[in-house]
Amino acid sequence: MKKNQHLTVKGDVLDRGQLKWGALMLPEHVRMLREWRADEPSLHKPHLDEEELGLLQEEIGIAHQRQCMAELRYWDGGLAVVSGTIMSVDLSTQTVEVLSGTTAARIDFDDLLGIRTID
């Protein structure tokens, strides 16, 4: 009897993993699923909980204090990204000013989704 190379042993079960499901999907279905997943996040603004907002505030404070490059993700009718240094954090208007090259962008606190420092 010829042995199947794709079989793996997981406990007591012989399994082919993804190979057994790949044959059931038509290429058109796979393409439509990928398009659907790509469009899904842009429909609604993500909601941040208290813990995520606290971490976001802490990261903005660190990036502003160190004056290092940061990548800010924010909501502008869809997911948008800006990279630059945080020039000011204005609590009265609740905005963050980011200098990206020679242009400055103002982002509202309510629109911020994430920050990543670039060293």
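Above: the structure in question.
The following refers to the structure shown. Quick caveat, the model's predicted, so the values are computed rather than measured. (Residues numbered from 1 in each chain as written. Predicted model: local features only at pLDDT ≥ 70, side-chain atom pairs only at ≥ 80, totals over all residues. Heavy atoms only, no water.)

1. With respect to the sheet that holds strand β5 (residues 95-100)
Here comes step 1: Ordered by their spatial adjacency, five strands build an open sheet running β6-β5-β4-β3-β7, and the pairing between neighbours is antiparallel. Every interior strand has two partners, whereas the edge strands, β6 (103-108) and β7 (112-118), have only one. Ignoring which end each strand starts from, the neighbouring axes of this sheet average 45° apart.
Here comes step 2: One ladder, built from six bridges, connects strand β3 (residues 69-75) with β7; its direction is antiparallel. (Pairing = 2+ DSSP bridges. Helix = DSSP H or I, 4+ residues; strand = E, 2+ residues; numbered from the N terminus. Axes fitted to C-alpha atoms, helices over the stretch in contact; angles between N-to-C directions.)

2. As for the pairing of β6
Here comes step 1: Pairing geometry for β5 and β6, over six bridges, is antiparallel. Of the residues in β6, the one forming a bridge with T95 is D108.
Here comes step 2: As consecutive antiparallel partners, β5 and β6 are separated by two residues, and within that stretch G101 has a phi angle of approximately 70°, a positive value.

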